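Now for the letters of each chain:
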Amino acid sequence: MTKKWMIRETTSGDIAQVLALYPLAFPEEELRPVVLALLEDGLDVLSLAGFDGDALVAHVLFTICETEEWDRTGALLAPLGVIPLLQRLGLGSSLVRAGLERLEKRGIKQVFVLGDPAYYQRFGFSPERQVLAPYPIPEEWADAWQSILLAAQAPLAPGRLSLPEPWMNPVLWKP
Ligand SMILES: CC(C)(COP(=O)(O)OP(=O)(O)OC[C@H]1O[C@@H](n2cnc3c(N)ncnc32)[C@H](O)[C@@H]1OP(=O)(O)O)[C@@H](O)C(=O)NCCC(=O)NCCS
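Because the structure is a prediction, the values reported are computed rather than measured.

Participant: How should I be thinking about the layout of surface pockets in this particular structure?
Facilitator: If a probe as big as a water molecule is rolled over the atoms, it shows which places are left empty. Within this model, the largest pocket holds a volume of roughly 1,300 Å³. Along the walls of the largest pocket sit 43 residues, with Phe26, Glu29, Leu80, Leu114 and Tyr120 positioned nearest its centre. Looking at the lining of the largest pocket, the elements with two or more residues in it are α2 (32-40), β4 (74-82), α3 (91-105), β5 (110-114) and α4 (117-120). Looking at which element gives the most residues to the lining of the largest pocket, the answer is β4, with seven residues. The residue makeup of the lining of the largest pocket, split by class, is 29 nonpolar, seven polar and seven charged. Taken as a whole, the second largest pocket encloses approximately 170 Å³ of empty space. What lines the second largest pocket is Glu128, Arg129, Val131, Leu132, Ala133, Tyr135, Pro136, Ile137, Glu139, Ala142, Trp145 and Arg160. For the lining of the second largest pocket, the class distribution of residues is eight nonpolar, no polar and four charged.

And the structure:
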């Protein structure tokens, strides 16, 4: 049975716990600088965390983005992490679903992710070919670049996704 976790948007008081989570969830990747920049630079993001009591045990970030400057109705889902002890208990899925619901309410049309299709297809993500990632994705990983349309909305105009500066680092775009 899926436990009921408390999910809420993070505040500046949660940043230390958010940063402590990422080396645990991604021992081979350094995601703290990009997460910190996205949370601290006043950028348009949705930051949601799952709590077990007072302990922050899962986190997801969505960065609002666009392919055309006037149409900021896209969002990038990344990163998503759950502490190892509580993985595969439904927490990651709950965070993704809560995020998609909130984004839909604020008029976001399409959400993008670079990740394992085996995981993301359960939410309705499918390979994306019209909107390109900021950096080329190797052909063998092409299906890892995915998107989902929210509330039967029209997709973003084809083109390269435009993201704020913290994301403009090719190292972050290796699947
Ligand atoms: C990937 C991750 C966010 C999933 O969250 P979670 O709470 O552990 O997973 P959930 O309980 O929501 O979902 C479990 C399901 O996802 C599958 N799953 C979990 N991690 C997976 C992965 N990396 N790839 C594919 N499937 C995965 C499980 O097999 C399970 O499938 P089932 O429901 O068919 O049995 C979490 O395991 C994690 O933080 N992993 C380490 C960091 C990472 O790889 N993040 C990926 C972000 S792109």
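Participant: Sorry, what's going on with the UniProt feature "domain: N-acetyltransferase" (unreviewed entry) in the protein chain here?
Facilitator: In this structure's numbering, the residues bearing the UniProt feature "domain: N-acetyltransferase" (unreviewed entry) are residues 5-155. Within residues 5-155, the helical portion is 26% and the strand portion 30%, while the C-alpha atoms at the span's ends are 32 Å from each other.

Participant: Please clarify how the site of the ligand should be interpreted in this entry.
Facilitator: Every one of the 16 residues lining the ligand counts as a neighbour, but Val82, Arg88, Gly90, Gly92 and Ser93 are closest to it. Within the backbone of Leu80, one N or O atom sits 3.3 Å away from a nitrogen atom of the ligand. Between the ligand and Arg122, the relevant distance is 3.1 Å, taken from an oxygen atom to a side-chain nitrogen or oxygen of the residue. Considering the ligand on its own, with 860 Å² of exposed area, one finds that the protein chains cover 67% of that surface. In this structure the site holding the ligand corresponds to the largest pocket. Residue assignment for the shell around the ligand shows that the elements contributing at least two residues are β4, α3 and α4. Looking at the shell around the ligand residue by residue, the classes come out as eight nonpolar, five polar and three charged.

Participant: Help me understand the packing of aromatic side chains in this model?
Facilitator: Evaluated as defined, the whole model comprises eight aromatic pairs. Aromatic pair Tyr119 and Phe123: ring centres 5.4 Å apart, planes at 75 degrees, arrangement edge-to-face. With relative accessibility at 10%, the residue Phe123 sits in the buried group. Cluster of aromatic residues (ring-pair linked, three or more members): Phe112, Trp145, Trp167 and Trp173.

Participant: Is there a simple way to explain the packing of helix α1 (residues 15-25) against α2 in this structure?
Facilitator: In helix packing, the relevant descriptors are the interaxial angle and the interaxial distance, both defined with respect to the helix axes. Remark: α1 packs on α2, axes separated minimally by 10 Å, with the N-to-C direction vectors making an angle of 155 degrees. In terms of orientation, α1 lies roughly antiparallel with respect to α2. In the crossing of α1 with α2, the sense of the turn from one axis to the other is right-handed. Each of Ile15, Val18, Leu19, Tyr22 and Pro23 in α1 lies in contact with α2, whose residues at this interface are Arg32, Val35, Leu36, Leu39 and Glu40. Of the residues belonging to the contact of α1 with α2, the class tally is eight nonpolar, no polar and two charged.

Participant: Any chance you could explain the side chain of Asp14 here in plain terms?
Facilitator: Looking at the element boundaries, Asp14 is found in the loop between β1 (6-9) and α1. Only 2.8 Å separates the side chain of Asp14 from the backbone nitrogen of Thr11, close enough to count as a polar contact. Residues in contact with Asp14, not counting those within four places in the same chain, are Arg8, Glu9, Phe51 and Leu56.

Participant: Help me out: how do you make sense of the pattern of salt bridges in this one?
Facilitator: Proximity of charged atoms lets side chains of opposite charge pair with each other. In total, this model carries seven salt bridges according to the counting rule given. The salt bridge partner of Arg8 is Asp14, with a shortest N-O separation of 2.7 Å. Among the residues examined, Arg8 registers a relative accessible area of 27% and is labelled partly exposed. On the basis of relative accessible area, Asp14 is assigned to the buried category, the value being 6%. Bridged by salt links that share partners, the residues Asp44, Glu66, Arg72 and Arg106 form one connected network.

Here is what the cut-offs are and how they apply
- Residues numbered from 1 in each chain as written.
- Predicted model: local features only at pLDDT ≥ 70, side-chain atom pairs only at ≥ 80, totals over all residues.
- Heavy atoms only, no water.
- 1 Å grid on protein atoms, 1.4 Å probe; cavity = no way out; pocket = protein on both sides within 12 Å on 5 of 7 lines; lining within 4 Å.
- Points joined across faces, edges and corners; volume = space filled by probe spheres on them.
- Helix = DSSP H or I, 4+ residues; strand = E, 2+ residues; numbered from the N terminus.
- Nonpolar A, V, L, I, M, F, W, Y, C, P; charged D, E, K, R; others polar.
- UniProt positions renumbered as here; feature names shortened; annotations may be inferred.
- Near = heavy atom within 4 Å.
- Polar contact = N/O pair within 3.5 Å; in protein donor to acceptor, adjacent residues only side chain to side chain.
- Areas by Shrake-Rupley, 256 points an atom, 1.4 Å probe, with all protein chains shown as cover.
- Sits in = over half its atoms within 2 Å of the grid points.
- Phe/Tyr/Trp six-rings, centres within 6.5 Å; stacked < 30°, edge-to-face > 60°.
- Buried < 20%, exposed > 50% of the residue type's maximum accessible area, 1.4 Å probe, protein only.
- Axes fitted to C-alpha atoms, helices over the stretch in contact; angles between N-to-C directions.
- Parallel < 35°, antiparallel > 145°, perpendicular 65-115°, else oblique.
- Left-handed = near helix turned anticlockwise from the far one by under 90°.
- Contact = heavy atoms within 4.5 Å.
- Salt bridge = Lys/Arg side-chain N within 4 Å of Asp/Glu carboxyl O.

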